[in-house]
Amino acid sequence: PMLTNAAFLAAFEAADANTLPIASFSHAALCRMIWLYLRSVPDRSGGRKKAVDAILGGLKKYKEACGHVFHLTHTYFWIQMIDLAIHAPNPNAVAPAQTADGEAAAG
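Residues numbered from 1 in each chain as written. Predicted model: local features only at pLDDT ≥ 70, side-chain atom pairs only at ≥ 80, totals over all residues. Heavy atoms only, no water.

A.B. asks: Please explain the nonpolar core as it appears in this structure.
C.D. replies: Nonpolar side chains in soluble globular proteins generally cluster together in the buried interior. In this structure, F25 and M33 are the most contacted members of the largest nonpolar core, which totals 28 residues. For this core, the elements supplying multiple residues, two or more each, are α1 (5-13), α2 (27-39), α3 (44-65) and α4 (72-86). Broken down by element, this core gets its largest block of residues, nine residues, from α2. Beyond its immediate stretch of four places on either side in the chain, F25 contacts F8, F12, L20, L30, M33, L59 and Y62. (Core = buried A, V, L, I, M, F, W, Y, C linked by side-chain atoms within 4.5 Å. Buried < 20%, exposed > 50% of the residue type's maximum accessible area, 1.4 Å probe, protein only. Helix = DSSP H or I, 4+ residues; strand = E, 2+ residues; numbered from the N terminus. Contact = heavy atoms within 4.5 Å.)

Right, here's the structure in full:
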């Protein structure tokens, strides 16, 4: 079953590999996590840094807890791409879609 956004972020932030196994943390899950953090920022200029720090710090903690390598450059690239999509002239046109298994995927 698909985790709600709140449960997904809680498991991610807690580096809870039981609720959010590394095997299910796909590229779509990475994009979902980034999208959720960046969409929660009401003020792009002031809040974006806080969101980016949470994304990078959280992903480093989660990956290390699961015994995987954290890739800063790869992650930062996707933060930039998703941020650009969110602030496109019509952000709803690029909102994450649902995959067959219910996981949010990058549009």
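Next comes the rest of the write-up.
A.B. asks: I'm lost on the pattern of salt bridges in this one. Help?
C.D. replies: It is possible for side chains of opposite charge to pair when their charged atoms get near one another. Counted under the stated rule, the structure contains three salt bridges. Of the charged contacts, one joins D83 and R48 as a salt bridge, the two residues approaching to 3.1 Å between their closest N and O atoms. In this pair, D83 sits in helix α4 while R48 sits in helix α3, placing the two residues 35 residues apart along the sequence. When sorted by exposure, D83 lands in the same class as R48, which is buried. Notably, a salt bridge pairs K60 with E64, separated by 2.8 Å at the nearest N-O pair. Note that K60 and E64 are positioned in helix α3 at a spacing of four residues, about one turn of the helix. (Salt bridge = Lys/Arg side-chain N within 4 Å of Asp/Glu carboxyl O.)

A.B. asks: Quick question: what am I supposed to make of unusual backbone geometry here?
C.D. replies: Backbone phi values are negative for most residues with the exception of glycine, while trans is the configuration of most peptide bonds. Here the phi dihedral of A15 falls at roughly 55°; this positive angle occurs in a residue that is not glycine. In this structure A15 comes out as buried when scored by relative accessible area, which is 14%.

A.B. asks: Which parts of the structure should I look at to understand the packing of α3 against α4?
C.D. replies: How two helices pack is summed up by the angle between their axes together with the distance between the axes. Running from N to C, α3 and α4 cross one another at 145°; their axes reach a closest spacing of 11 Å. Crossing of α3 over α4 shows right-handed handedness. Contact with α3, carried on its side by R44, R48, V52, I55, L56 and L59, involves L72, T75, Y76, I79, Q80 and D83 of α4 and no other residues of that element. (Axes fitted to C-alpha atoms, helices over the stretch in contact; angles between N-to-C directions. Left-handed = near helix turned anticlockwise from the far one by under 90°.)

A.B. asks: Which parts of the structure should I look at to understand the side chain of K63?
C.D. replies: On the secondary structure map, K63 appears in helix α3. Buried charge without a partner: K63 forms no salt bridge, and the closest opposite charge is E64, 11 Å away. Those residues in contact with K63, other than ones at most four positions away along the chain, are I22, H68, V69 and F70. (Lys, Arg positive; Asp, Glu negative; His and termini not counted.)

A.B. asks: Would you explain the packing of aromatic side chains in this entry?
C.D. replies: How two aromatic rings sit relative to each other is set out by the distance from centre to centre and by the angle between their planes. For the coordinates displayed, the defined rule picks out six aromatic pairs. These aromatic residues form a ring-pair network of at least three members: F8, F12, F25, Y37 and Y62. Over the ring of F8 we find R32; its NZ or CZ atom is 4.2 Å from the centre of that ring. (Phe/Tyr/Trp six-rings, centres within 6.5 Å; stacked < 30°, edge-to-face > 60°. Lys NZ or Arg CZ within 6 Å of the ring centre and 35° of its normal.)

A.B. asks: It is not clear to me how the environment of L56 should be interpreted in this structure. Could you clarify?
C.D. replies: Among the secondary structure elements, L56 is positioned in helix α3. Classification of L56 as buried rests on a relative accessible area of 16%. Separated by 22 residues in the primary sequence, L56 and I34 place their C-alpha atoms 9.5 Å from one another. The contacts of L56, once residues within four sequence positions are left out, are F70, L72, T75 and I79.

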